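Residue-level listing of the chains:
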Amino acid sequence: MTRDDRKVSSPRVVNIADLRLLAKKRLPKAVFDYVDGGADDEVTLRENLRAFEEVTFRPRNAIFVRGCEMRTKVLGCEMAMPLVLAPCGFSRIFHPSGEVGAARAAGNAGLGFTLTTMSGHPLEDVANASSGPLWYQLYLAGGREAAEAAIERAHKAGFTVLVITIDTGTFGMRERDVRNGAGVLLGRDTFAKLRFLPELLAHPSWLAGFLRDGSTLTLPNIIEPGRGPLPLSEAQDRLARSVVTWEDLKWIRKIWPGPIVVKGVLVADDARRSLDEGAAGVIVSNHGGRQLDGVAAGLRALPEVVKAVGGRAEVLMDGGVRRGSDIAKAICLGARAVLIGRAYAYGLGAAGEAGVSRAIEILRADLQRTLALLGCESIEELNRSYVDVPTSWPA
């Protein structure tokens, strides 16, 4: 067992909240708040968590459960359980291993990993590290030519599913980042960063890794013709000027040979439009409460989208998943699988790859225990009859 393994082992870490506390301790405030925070008043961020509390279970008791089969198939990918690691931007600033470490942990657990365009590691390095299914999440920052090149690279590297995020019409107002000066910290002006020195020195483990890494300020999967990798300091502005539209899905569909999933769907109309444009699946998501504050929690929006899709495509969801019981509730409400972002990002920030592995291990044990307590021997047995939802939710 390595030092990082010991850092996140039981009883020190028994749930995702414990990993969050360790990440908060290790990371500078600006970095932790980037992971932890949401948009505006963070209403949606809190609602993502609270929605799971509103759904209650209806277990079948007096049943001897011999074992719990959690394996499933999601968009043609075999998974050890219905869980995929979500795209998480700039995660190399949490820990030098970043997306490489997270992808390796996911692959070792038999799970899928979704690499964001805003990765600090080249997609080829991530592909080489993972033994599991790989999905690539596409932004158009850098323009269409850069996006087409990234799509071609992803296909050649072995990514099998393309995720298109549609909820970034502009950048959400993440007030914690503004107050903390996150843009300055990640910028190129060394003099301007001097005000962060006391805070950085107070987190020596993170600072040592950051300085040793030395490669966190460019985005190697956004290669602008004639210029090279996009500087991290320009990413926010480029995202705000590179909205993905339904028209874009047409040319993307022509050059990507595999399944396309549309992420950021919260209403029936967008779900149906996604399918009309050739999507094989949709992800019910509010971007972790980081974009438009005041929209519905992912779990609350899930039934409307499932109904609109009507079995014609696979429906996934993310937002607020912190326990295996949350995964079970989402499956009961019609999700094929869930994605986690912060749950593994806390682990990455706490202890790198070991922290991500521990987050997955916690959720796996939680889900297995939940199935047994519900009286189910397989994830496939879960359905709407195993939960009660508030009457105010969509039918």
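Residues numbered from 1 in each chain as written. Predicted model: local features only at pLDDT ≥ 70, side-chain atom pairs only at ≥ 80, totals over all residues. Heavy atoms only, no water.

Caption draft 1: Structural context of the environment of Lys263. Following the sequence through the fold, Lys263 ends up in strand β10 (residues 260-265). Contacts of Lys263, omitting those with residues within four sequence positions, involve Pro87, Val163, Ile164, Thr165, Ile166, Asp167, Ile283, Ser285 and Asp318. (Helix = DSSP H or I, 4+ residues; strand = E, 2+ residues; numbered from the N terminus. Contact = heavy atoms within 4.5 Å.)

Caption draft 2: How the structure looks around the state of the cysteines. This model, assessed by the stated rule, comprises zero disulfides. Here Cys376 stays unpaired: no disulfide links it, and the sulfur of Cys332, its closest cysteine neighbor, is 7.3 Å away. Overall, Cys376 belongs to the buried group, its relative accessible area being 0%. (Disulfide = S-S within 2.5 Å. Buried < 20%, exposed > 50% of the residue type's maximum accessible area, 1.4 Å probe, protein only.)

Caption draft 3: Summary view of unusual backbone geometry. Residue Pro11 follows Ser10 across a cis peptide bond; omega there is 10°. Relative to the assigned elements, Pro11 resides in the loop between α1 (3-7) and α2 (16-26). One non-glycine residue, Leu75, lies in the positive phi region at around 50°. Relative to the elements of secondary structure, Leu75 occurs in the loop between β2 (72-74) and β3 (77-79). The phi angle at Phe90 is positive, at roughly 60°, despite the residue not being glycine. Tracing the backbone through its elements, the reader meets Phe90 in the loop between β4 (83-85) and α5 (98-108). Its relative accessible area of 12% is what places Phe90 among the buried residues.

Caption draft 4: Inspection of the packing of helix α16 (residues 324-332) against helix α18 (residues 353-374) at higher detail. Close contact between α16 and α18 brings their axes to 7 Å; oriented N to C, the two are set at 60°. Here α18 runs oblique to α16, going by the angle between their axes. Like other packed secondary-structure pairs, α16 and α18 cross with a definite hand, here right-handed. Of the residues in α18, those touching α16 at Gly324, Ser325, Ile327 and Ala328 are Leu363, Asp366, Leu367 and Thr370. Classifying every residue of the contact of α16 with α18 gives four nonpolar, three polar and one charged. (Axes fitted to C-alpha atoms, helices over the stretch in contact; angles between N-to-C directions. Parallel < 35°, antiparallel > 145°, perpendicular 65-115°, else oblique. Left-handed = near helix turned anticlockwise from the far one by under 90°. Nonpolar A, V, L, I, M, F, W, Y, C, P; charged D, E, K, R; others polar.)

Caption draft 5: Structural view of α18. Between its first and last C-alpha atoms α18 spans 32 Å; for 22 residues at 1.5 Å apiece the expected length is 32 Å, and the two agree. Looking one or two residues beyond α18, the residue adopting positive phi is Gly375, at roughly 85°. (Expected span 1.5 Å × (residues − 1).)

Caption draft 6: Representation of the pairing of strand β5 (residues 112-116). Within β5, five of the five residues are buried, which leaves it mostly tucked inside the rest of the structure. Every second residue of β5 is oriented toward a common face, with Gly112, Thr114 and Thr116 on one face and Phe113 and Leu115 on the other, all of them buried. Note: β4 against β5, two bridges, orientation parallel. Within β5, the position partnered with Leu85 by the bridge is Phe113. (Pairing = 2+ DSSP bridges.)

Caption draft 7: The packing of aromatic side chains, seen in detail. Counted by the stated rule, this structure contains six aromatic pairs. On the basis of an interplanar angle of 35° and a centroid distance of 5.8 Å, the ring pair of Tyr34 and Phe90 is categorised as tilted. With Tyr34 in helix α3 (residues 29-36) and Phe90 in the loop between β4 and α5, the pair connects residues that are 56 residues apart, well separated along the chain. The exposure classification of Tyr34 matches that of Phe90, with both residues buried. With a centroid separation of 5.9 Å and an interplanar angle of 80°, the aromatic rings of Tyr136 and Phe159 are classed as edge-to-face. Taken together, the residues span a long stretch of sequence, with Tyr136 in strand β6 (residues 134-138) and Phe159 in the loop between α7 (144-157) and β7 (161-165) at a distance of 23 residues. Neither Tyr136 nor Phe159 differs from the other in exposure class; each is buried. An aromatic cluster is defined as three or more aromatic residues linked by ring pairs; in this entry it consists of Tyr34, Phe90 and Phe94. In this structure, Arg290 packs its charged tip against the face of Tyr34, placed 4.7 Å from the ring centre. (Phe/Tyr/Trp six-rings, centres within 6.5 Å; stacked < 30°, edge-to-face > 60°. Lys NZ or Arg CZ within 6 Å of the ring centre and 35° of its normal.)

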